[in-house]
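Spelled out, the chains give:
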Amino acid sequence: MIKQILNRLPRKPSKSSDNREGGTSTSSSNAYTSSKNSDLASNHYANSSGASFSGFHSTNSGLNQGNKISQVVNAKLNGNTVAASFEALPNFRDVPNSEKQNLFIRKLNICCIVFDFTDPTKNVKEKDIKRQTLLEIMDYVSSANGKFSEIVMQEIVKMVSRNLFRALTSAPRENKVLLAFDLEEEEPSMDSAWPHLQVVYEFLLRFVASPETDAKLAKRYIDHSFVLRLLDLFDSEDPREREYLKTVLHRIYGKFMVHRPFIRKAINNIFYRFIFETEKHNGIAELLEILGSIINGFALPLKEEHKLFLVRALIPLHKPKCISMYHQQLSYCITQFVEKDCKLADSVIRGLLKYWPITNSSKEVMFLGELEEVLEATQLAEFQRCMVPLFHQIGRCLSSSHFQVAERALFLWNNDHIETLIKQNRNVILPIIFPSLEKNARSHWNPAVQSLTLNVRKIFSDTDPELFEECLHKFEEDQAQENEVKSKREATWKRLEEIAAMKAASNEPVLVSPKATTRNPSC
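Definitions and cut-offs
Residues numbered from 1 in each chain as written. Predicted model: local features only at pLDDT ≥ 70, side-chain atom pairs only at ≥ 80, totals over all residues. Heavy atoms only, no water. UniProt positions renumbered as here; feature names shortened; annotations may be inferred. Helix = DSSP H or I, 4+ residues; strand = E, 2+ residues; numbered from the N terminus. Buried < 20%, exposed > 50% of the residue type's maximum accessible area, 1.4 Å probe, protein only. Contact = heavy atoms within 4.5 Å. Areas by Shrake-Rupley, 256 points an atom, 1.4 Å probe, with all protein chains shown as cover. Salt bridge = Lys/Arg side-chain N within 4 Å of Asp/Glu carboxyl O. Phe/Tyr/Trp six-rings, centres within 6.5 Å; stacked < 30°, edge-to-face > 60°. Lys NZ or Arg CZ within 6 Å of the ring centre and 35° of its normal. Axes fitted to C-alpha atoms, helices over the stretch in contact; angles between N-to-C directions. Parallel < 35°, antiparallel > 145°, perpendicular 65-115°, else oblique. Left-handed = near helix turned anticlockwise from the far one by under 90°. Nonpolar A, V, L, I, M, F, W, Y, C, P; charged D, E, K, R; others polar. Arc of directions from axis to C-beta. Core = buried A, V, L, I, M, F, W, Y, C linked by side-chain atoms within 4.5 Å.

- In the annotation of an unreviewed UniProt entry, the chain is listed under the name Serine/threonine protein phosphatase 2A regulatory subunit and assigned to Gossypium tomentosum.
- According to UniProt, the comment filed for the chain under the heading Function (unreviewed entry) is "The B regulatory subunit might modulate substrate selectivity and catalytic activity, and also might direct the localization of the catalytic enzyme to a particular subcellular compartment."
- For the record of the chain, the UniProt heading Subcellular location (unreviewed entry) holds the text "Cytoplasm".

This is the structure:
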């Protein structure tokens, strides 16, 4: 009977048959031979269509003997092939040390079975056995006191891959009409399989962090393909899963130095697709949080590739409408760059101005908050390079009818470092923003904005009274000229109305002389 079951098992697929789409998690269990394959890593989590768990196999002698699985029956549940029932294996404390590794591998094989969690009434006993087994192997990894062998690593990665790497399904939504506040108010989707997934993630985390895991050996299995499929899971709608993924990926980045450039490049590509194609991804905040820690550890001077990452990926992340979902983490990454190399401040500030929102006031408030953090790390030389376009934009914010935008712009003067930079360059800055300050002080509808504006005017008048008076005189001249132009325009329209009224009684067309319609060049 056993021989017949083994003959029905699918053969080990070749490299070319690997499923690269990360579709299902019901992969076939590959049979291992006692002789070591020269390419152990090539197929350690390859998927095979139509796969089924007909039985479990072992790699060493003795694994097939004493197997406690009394019944393994294949059953189709919603298109997934699972083991209908099986019995739990003995605890590790009940077997001698010489058998613990074999038992560990057999428990990993049991955990390779993936159940359907959409129906809580199906396979209740088997699910409970699997969860208990997962908890046991998690404790075993935590308490291991010897290096994990290559066979064990391969089995571990196979089990993790079978459980975690799956198709992420979500309700279809039209991205083009999806606004940021809709994303914030939407209830997150919780994965029904989380009771098992959580233990698998914890198991993987402990395996990666374990001092008994040899990075040089483990990199054959936790390879580029594994990392890519792990990154794909960051689009999960379950925030609990993204939180675990963030921790796991950070540990992998720290332990496997050989993978670091690849991980950064892969995250870069995710950002590119999000910015320029989809504008839909659930894990941007978590990826940025990982990058914040990575950027913090960059050595000085910064490499050119890191500067390009800032300019080509991080700064364009200000473009999407849903920036509020990840702005806090993005702002931290940007500020880290400026603190490490103050010469980047000019590029960052000009990048912010490039993507500055025009009609989104809440987004504009976020930009002003980030701008303050960047300016706080900016030195005088870099500030002077970009201060003219910067304060033209700040001037527009000061005169905004949205009180939060105007108020946030005025709060910049509460920062001592920024106030010092402005004072040192007041000859250039004050003439740019003075009209906005004066109009706010005279006619802004919000009392708080008016009060803050008067405080800023006082700072300038106390610092340089002559410059302040000069700007005030220039403002009054401009206002008088504007009033004169406005009066001429109104007089012209009044004359046109009078001519029209005179001809209203007759059916004659109203003819206006060129003299009456000549516009003042200054209009």
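Having seen the structure, we can now continue with the description.
### A word on the overall build of the chain
Argument step 1. Assigned secondary structure in the chain consists of 22 helices and 2 strands.
Argument step 2. Sorting the 523 residues of the chain into buried and exposed places 48% on the buried side.
Argument step 3. Put simply, 74% of the contacts in the chain that link residues at least 6 apart link residues at least 24 apart.
Argument step 4. Per element, the accessible surface of the chain, about 26900 Å² overall, is 51% carbon and sulfur.

### Some points on the pattern of salt bridges
Argument step 1. Applying the stated criterion to the full structure yields 23 salt bridges.
Argument step 2. Glu 372 is the partner of Arg 408 in a salt bridge, and the nearest nitrogen-oxygen pair spans 2.7 Å. One end of the pair, Arg 408, is in helix H17 (residues 403–410); the other, Glu 372, is in helix H15 (residues 361–376), with 36 residues separating them in the sequence. Of the two residues, Arg 408 and Glu 372, neither departs from the other in class, the shared state being buried.
Argument step 3. With a closest N to O distance of 3.6 Å, Lys 488 and Glu 484 form a salt bridge.

### Quick notes on the packing of aromatic side chains
Argument step 1. Considering all chains together, one arrives at 18 aromatic pairs under this definition.
Argument step 2. Considering the side-chain rings of Tyr 272 and Phe 276, the 6.4 Å spacing of their centres and the 40° angle between planes classify their relative orientation as tilted. You can see Tyr 272 and its partner Phe 276 sitting in helix H10 (residues 260–278), 4 residues apart, about one turn around the helix.
Argument step 3. You can call Tyr 272 partly exposed: its relative accessible area is 25%.
Argument step 4. Ring centres 5.3 Å apart and planes at 75° place the aromatic pair Phe 434 and Phe 468 in the edge-to-face group. Taken together, the residues span a long stretch of sequence, with Phe 434 in helix H19 (residues 426–443) and Phe 468 in helix H21 (residues 465–502) at a distance of 34 residues. Phe 468 matches Phe 434 in its accessibility class, with the two residues each being buried.
Argument step 5. Against the face of Phe 117 rests Lys 127, its NZ or CZ located 4.7 Å from the ring centre.

### Details of the packing of helix H13 (residues 327–340) against H15
Argument step 1. Viewed as axis vectors pointing N to C, H13 and H15 meet at an angle of 25°, and their least axial separation amounts to 9 Å. In this view, H13 runs roughly parallel relative to H15, as classed from their interaxial angle. H13 and H15 meet at a crossing whose hand is right-handed. Contacts between H13 and H15 pair His 327, Ser 331, Ile 334, Thr 335 and Val 338 from the former with Met 366, Glu 370, Glu 373 and Val 374 from the latter.
Argument step 2. Class assignment for the residues of the contact of H13 with H15 results in 4 nonpolar, 3 polar and 2 charged.

### Re the environment of Ile 432
Argument step 1. Following the sequence through the fold, Ile 432 ends up in helix H19.
Argument step 2. Every residue in contact with Ile 432, bar those within four places of it in the chain, is listed here: Val 388, Phe 391 and His 392.

### Looking at the packing of helix H3 (residues 124–142) against helix H6 (residues 194–209)
Argument step 1. With their axes 9 Å apart at the nearest point, H3 and H6 run at an angle of 15° to one another. As judged from the angle between their axes, H3 and H6 are roughly parallel. The hand of the H3/H6 crossing is left-handed. Residues Lys 127, Lys 130, Arg 131, Leu 134, Leu 135, Ile 137, Met 138, Asp 139, Val 141 and Ser 142 of H3 pack against Pro 195, His 196, Val 199, Val 200, Glu 202, Phe 203, Arg 206 and Phe 207 of H6.
Argument step 2. Of the residues in the contact of H3 with H6, the class split is 10 nonpolar, 2 polar and 6 charged.

### A word on helix H12 (residues 304–314)
Argument step 1. Among all positions in H12, only His 306, Phe 309, Leu 310, Ala 313 and Leu 314 are buried. Down the axis of H12, the buried side of the element spans an arc of 115°, and every buried residue falls inside it.
Argument step 2. Packed against the buried residues of H12 are H10, helix H11 (284–296), H13 and helix H14 (345–354).

### Notes on the nonpolar core
Argument step 1. Residues Phe 203, Phe 271, Leu 288, Leu 314, Tyr 326 and Phe 391 are the most contacted members of the largest nonpolar core, which totals 132 residues.
Argument step 2. Looking at which element gives the most residues to this core, the answer is H6, with 10 residues.
Argument step 3. Beyond its immediate chain neighbours, meaning those up to four positions away, Leu 314 contacts Phe 271, Leu 288, Ile 295, Phe 309, Leu 330, Cys 333, Ile 334 and Phe 337.

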